[in-house]
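Fold and contact review
This is what each chain is made of:
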Amino acid sequence: MRGEKSSLKIRVRYPYYTVNVKKGYYMDSIQLLKISEEVKKVPGVLEALIAMGTDTNKELLKMLGFSYEDLNVTPNDLIIAIGAESEDALKNAVNTAERLLEEGIGETREYYADLDTALSKNPDISIALISIPGQYVKDVAMKLIDRGINLHIFSDNVPINDEIEIKKRALEKNVLVLGPGAGTVIIKGVGLGFADKVNVGSVGIVAASGTGLQEVSSLLSEIGIGISYGLGVGGNDVKNAIGGIMTIKALEFLQNDDDTKVLALISKVPDRETEEKILNYIYNNVSKPIIINFLGGHARESAKGNVYFTYTLHQTILKIAKVISENKYVEARNKYLLSFDELIRLADELKRELSSSQRFVRGLFTGGSFVNETLVILRELVNDLYSNAPIEGVAELKNPFKSIANSIIDLGDEVFTRGRPHPMIDPTIRVNRLLEEANYDDVAVILMDFVLGYGSHDDPVGAHADAIKHIMESSKGKKVIIAHVCGTSEDPQNVVEQVNKLRSLGVIVMPTNALAAFLAGLIVTNKSIEKLKYVYDGLIEV
Amino acid sequence: MSMDKRIHKLKVNDKNELNILNIGLEIFYNDLRKQGVNAIHVAWKPPVKLEKDIEDILSKVM
Amino acid sequence: MSLAEEIEKANETAVNRMMEAQALWVDIGEARKIIPGFKDMMLTHAGPPITWNKASGPLRGALIGAAILEGWANSPDEAIKLLERGEIVLKPNHELNAVGPMAGVISPSMPVIVVKDPKYGNYAYSNLNEGIGKVLRYGAYDKSVLDRLKWMHDELYPALKAAVDLIVKEKGGLDLKSIIAQALNMGDECHNRHMAATSLFINEVMEYLIKADLPKDQLLRVLSFMKNNTFTFLNFAMAAAKVFTLAGHNIKYSTIVTVMSRNGTEVGIWVSGLGNTWFTAPAPIPKGVFFPGFSQNDANPDIGDSAITETAGFGGFAMAAAPAIISWVGGTVDYALEITNKMYQITHTKHRYFKIPYLSFQGTPVGIDIRKVLKTGIEPTLNTGIAHKEPGVGQIGAGIVSIPMDLFKQALRKYAEVYGIT
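Not measured: the values here are computed from a predicted model. Residue indices begin from 1 for each chain and proceed along its sequence in written order. To read the labels, note that chains go from A and ligands from 1, taken in the order they are written. Side-chain atom pairs in this predicted model are given and counted only at pLDDT of 80 or more, local residue features only at pLDDT of at least 70, and totals for whole chains, interfaces and linings cover all residues. Here the side-chain values reflect all heavy atoms present in the structure, with hydrogen atoms and water set aside.

1. Considerations on the overall build of chain A
- Helix and strand definitions here come from DSSP, where helices need a minimum of 4 consecutive H or I residues and strands a minimum of 2 consecutive E residues; each element is numbered from the N-terminal end. Within chain A, the secondary structure is distributed over 19 helices and 23 strands.
- The rule is simple: take the accessible area with a 1.4 Å probe, protein chains only, and divide by the maximum for that residue type; under 20% is buried, over 50% is exposed, in between is partly exposed. Expressed as a percentage of its 542 residues, the buried residues of chain A come to 60%.
- Whether two residues are in contact is decided by their heavy atoms, any of which lying within 4.5 Å being enough. Counted over contacts in chain A with a minimum sequence separation of 6, partners at least 24 positions apart contribute 70%.
- To be clear on the numbers: accessible area is Shrake-Rupley with a 1.4 Å probe, and residue cover counts the displayed protein chains and nothing else. Put simply, chain A shows about 21100 Å² of open surface, and 46% of that area lies on carbon and sulfur atoms.

Structure (structure tokens):
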């Protein structure tokens, strides 16, 4: 309130404001986001932030002009900050916020206040999708496993020891555990978590990488190759601590599934021992054709006729098409491949619009696998490569909030997502970062992914449109923005429309992430043309 | 045999329906409903934080 | 047997007794004559022990009114002096096996009903309900209040006495448990909504009031009074709840709550296995809807022995049985269901006799277990009337309140001490 004595010592830029803390008041970040949006719609409201008191949100509070000292708030407390033009508007906004917090947003349908009641009323659950904070997952998971329910654990930050216990118990009970940290699961056309609407077909994918699964399943679906199952096993399964338990279990399931004719395994490079275990399993038990994509892995020779190795998601798609049929392979090449010469030409064109001081690439990604794949390609093409999710040959970006030289940022990383919705749902952090990166004179190219599908924002490109327009129209000098859109034409957001929208904004849209990364690399590289062709043959062509 | 039966619950076709329990983010539940899948939602809240001595006593009396 | 097993067994015993206990209304008489331990110059009250200087407005008002009613003081100022000097002994109702709604003040000459449990041999007592509006239990003490109390003593009490004597002669007493069970199926929860229960009560008692051969105008005044006060049955329900919980009290090892009560400043609980030990904490202010002209700022902290109904497994715990109460306490029907569902998680079992039609006739949640309260973090939730914090104003609204977690922590720590848990 205006002039109200506040023990919080707040200096704000709104004529009328309130900052309240509800101690111990928990609500999930998506609900809170919706509520903030509703409150912002109240006439006269200038800004509203209703969110849990994590460090990230406290930073956001500052950014939005609610500066404070001594704000005694923990991540388990709720912050309600509202700025308005008038006292009435503020009062209305506060009432709206209180009402929405009380009643919740959205209709209440088959909705239970607690797990035990839900389980007793619904004895025949096939699979449970768990997306609660990581430290609480174990108790819930064990309870479900003991009842023979398969799990899709979307949550990340599950302590590794918990994960080990969960998977051991699951093996005993013969239950599949997909995750933790599995963003995507597809079961006969039904998407759990972040998933695209894909056709049902005969390709079964095991993926230790959610966006990898989304990319491959989407692009295959768009050329009429359907997916039987997309089983995300999460990022830790291929570490020695876990030993690939569920990766193998999932492969076993697909090998035994009559509807699956072709298998694919997509993962970052497993720990050495685990890799041996997995490959041993495959060579001895998988008889169907299987395409194995260890992202960023060294070149491998296949020891059996049905086993193929690829190194990028892009290659995986082409290889699967090849295995399915010659026709599909041709279709895939037409749709998803650009020739080396075409790419060189395009890069030269784009380079011409840049000044000589512009020499760096900045990648802002919502999908962890896209970061991975981009680094795999860029480390061959540029020096001084940094990332907050580095791989071998890439330096760690010490402060993820501040890019250096060539930086590829994983915005889905914990440091950005604590207490906030994932960037695929909420573009706020990326939009702000995009504007920041575009301000640097030495930045030449900005790379982005736009991930569609269930779970994602309902118009990812639209959410960035203003920022992109601002950059394109800026007098500060040209920036090349390269993007790729991961999605299908059946997705709620419609991939064709999203691509068109991007192009109309002047963004260069590539059909796959690998091509986008390669093109970006070509623009800033100083490697020889022979080296570039070598990289193209190794990572793009099949 | 029992392994197949358990994981068999993942199969979905015209007759065999998939029944999904969603616990955590409500938007995943909404998306499942949009896809016409049988789903229920559990609105999870974090368990209470108790003092150590209370936790200790509780572990002995429950 | 392990400790946990002992506790389960004890709780099973305690709650079984709570459910199997009977409640017959068998008598009515002046408090000084009827309640063992009631002395002269004594006033009992709702909630845990309290002193005059800590008492809130509504309790003070009721104490002042009672002192004047008894003739110990001729004016509010004189009454206050007596109370300040400690010349009147204040005692919690529960310590004499009595209960009273809101301020719950019982004075020596007030008529109190006697409820007996023939199965386990316990007796409980309560005063008569004055009605709504400006009443003693909300801290009002002007002439209209005192006049009404005098009338209740002079006309209502003898009428009810004559009736109950006939009832006892004919069938041993009036079965209150059966009225409660029926009322729960008729949209009452028997704490804040007694429309059906009061109707059933008047139905039962009518015949005997007529047989009592009272002067017609007295009979009509008595009937009119009870009919116009939908809360007539509340005090009977509370006394019944008290004998139910008495049956489950003092069971060694049991962690079941047998008293929950508030005095307008503090809220207190008793646990079966810990005897008559009070565990107390500041009483929260109920949240709800307010009558025009009043708001949350005017509200007094929670007050009353009526939480005994929830302790016995009905009242707010059966909120799902009384969706009509929800508009009164500002929630939604789904909210009422959610609360009842939550209460299942902190109670021992579902009541064998009190059923909720809306929930497919599931039994009400009964037997609050302090262990479950702590484990789940769910506090018992009740609905209640809200009093103005100033004495003499009366009821200003109705709402929902929870019993603070801290009480259960205190109780558990004491339990560990008493039962030697290290």
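2. Notes on the overall build of chain B
- Across its full length, chain B carries three helices and two strands.
- Scored against the burial criterion, the 62 residues of chain B give a buried share of 52%.
- In chain B, the share of contacts with a sequence separation of at least 24, taken over all contacts with a separation of at least 6, comes to 0%.

3. Let's talk about the sheet that holds strand β8 (residues 150-153) of chain A
- We treat two strands as partners when DSSP finds at least two bridges between them. Strand order in this open sheet of six strands is β6(A)-β2(B)-β1(B)-β7(A)-β8(A)-β9(A), and the pairing throughout is parallel. The sheet is open, and its two borders are formed by β6 (111-112) and β9 (177-178) of chain A, each paired with just one other strand.
- For β6 of chain A and strand β2 (residues 38-42) of chain B, the ladder comprises two bridges, and the chain directions are parallel. Counterpart to Y112 of chain A in the pairing with β2 of chain B is V42 of chain B.
- For helices, the fitted axis covers only the stretch in contact; all axes are lines through C-alpha atoms, and the angles between them, taken along N-to-C directions, range from 0 to 180 degrees. Helix α2 (residues 26-34) of chain B rests against β7 (127-130) of chain A together with β1 (19-23) and β2 of chain B of the sheet, and its axis sits at about 165° to β2 of chain B.

4. Let's talk about the sheet that holds strand β11 (residues 287-290) of chain C
Residues and elements named next belong to chain C.
- The antiparallel open sheet is built from three strands, whose spatial order is β11-β16-β15. Looking along the sheet, the strands with just one partner apiece sit at the ends: β11 and β15 (381-387). Each adjacent strand pair in this sheet contributes to an overall mean axis angle of 20°, direction not counted.
- Across seven bridges, the pairing between β15 and strand β16 (residues 395-402) is antiparallel. Directly across from A387, in β16, lies its bridge partner Q395.

5. Topic: empty space enclosed by the protein
- Definitions used for this entry: grid spacing 1 Å over protein atoms alone; cavity, a set of points where a 1.4 Å probe fits but cannot get out; pocket, an open set with protein on both sides within 12 Å along at least 5 of 7 lines; lining residue, one with an atom within 4 Å of a point. Grid points are joined across faces, edges and corners, and a volume is the space filled by probe spheres set on the points. Using the criterion set out here, one finds four cavities of 30 Å³ or more in the structure.
- Space inside the largest cavity adds up to approximately 100 Å³.
- Grouping the amino acids of the lining of the largest cavity by side-chain chemistry returns seven nonpolar, six polar and one charged. Gly is put with the polar residues, along with every residue not named as nonpolar or charged; the nonpolar set is Ala, Val, Leu, Ile, Met, Phe, Trp, Tyr, Cys and Pro, and the charged set is Asp, Glu, Lys and Arg.

6. Focus: the packing of helix α12 (residues 340-352) of chain A against helix α19 (residues 529-539) of chain A
Residue and element names in this part refer to chain A.
- Running from N to C, α12 and α19 point in directions that differ by 125°, and their axes come no closer than 11 Å. Judged on the interaxial angle alone, α19 and α12 are oblique. The chirality of how α12 crosses α19 is right-handed. Residues F340, L343 and I344 of α12 lie in contact with α19, whose contacting residues are I529, L532, K533 and Y536. Orientation categories follow fixed angle ranges, with anything under 35 degrees roughly parallel, anything over 145 roughly antiparallel, 65 to 115 roughly perpendicular, and all other angles oblique. Take the far helix as the reference: if the near one is turned anticlockwise from it by less than a right angle, the crossing is left-handed, and if turned clockwise, right-handed.

7. A short note on unusual backbone geometry
- In this structure, the amide linkage connecting G179 of chain A to the following residue, P180 of chain A, adopts the cis form with an omega of -5°.
- Assignment of secondary structure puts P180 of chain A in the loop between β9 and β10 (184-187).
- In the Ramachandran plot, N494 of chain A falls in the positive-phi region, its phi being about 60° despite a non-glycine side chain.
- Here N494 of chain A shows up in the loop between β22 (480-486) and α17 (495-504).
- Positive phi values are uncommon outside glycine, yet M41 of chain C reaches one of about 55°.
- Its location among the elements puts M41 of chain C in the loop between α2 (31-34) and β2 (42-45).
- Taking the relative accessible area as the measure of exposure, M41 of chain C reaches 27% and is therefore partly exposed.

8. Some remarks on the pattern of salt bridges
- Salt bridge, as used here, is a side-chain nitrogen of Lys or Arg placed within 4 Å of a carboxyl oxygen of Asp or Glu. For the structure shown, the criterion picks out 48 salt bridges over all chains.
- The salt bridge involving K328 of chain A is made with E331 of chain A; its shortest N-O contact spans 3.4 Å. Residue K328 of chain A and its partner E331 of chain A are both found in helix α11 (residues 326-336); the two are separated by three residues, about one turn of the helix.
- For the salt bridge of R379 of chain A with E380 of chain A, the shortest nitrogen-to-oxygen distance reads 3.7 Å.
- For R379 of chain A, a relative accessible area of 25% translates into the label partly exposed.
- Judged by relative accessible area, E380 of chain A falls into the partly exposed class, the value being 25%.
- Several salt bridges converge on common partners, so that one network encompasses E51 and D53 of chain B together with K409 and R413 of chain C.

9. Describing the nonpolar core
- By size, the foremost hydrophobic cluster in this structure holds 170 residues, and its most contacted members are I130, I282, I482 and F518 of chain A together with L21 of chain B.
- We define a nonpolar core as any set of buried Ala, Val, Leu, Ile, Met, Phe, Trp, Tyr and Cys residues linked to one another through side-chain atoms lying within 4.5 Å. Residues A79, A140, L156 and M226 of chain C belong to the second largest nonpolar core, which totals 107 residues.

10. Some details on the confidence of the model for chain A
- Residues with a pLDDT of 70 or more make up 95% of chain A, whose mean pLDDT is 90.
- In the predicted structure, residues 1-11 of chain A sits below a pLDDT of 50 and forms 20 contacts with residues beyond four places in sequence or in another chain. You can read pLDDT as the predictor saying how much it trusts each residue, on a scale of 0 to 100.

11. Concerning the environment of N372 of chain A
Residue and element names in this part refer to chain A.
- Among the secondary structure elements, N372 is positioned in helix α13 (residues 368-381).
- The class of N372 is buried, set by a relative accessible area of 13%.
- It is 7.8 Å that separates the C-alpha atoms of N372 and K268, two residues lying 104 residues apart in sequence.
- When neighbours within four sequence positions are excluded, N372 is seen to be in contact with K268, L295 and I391.

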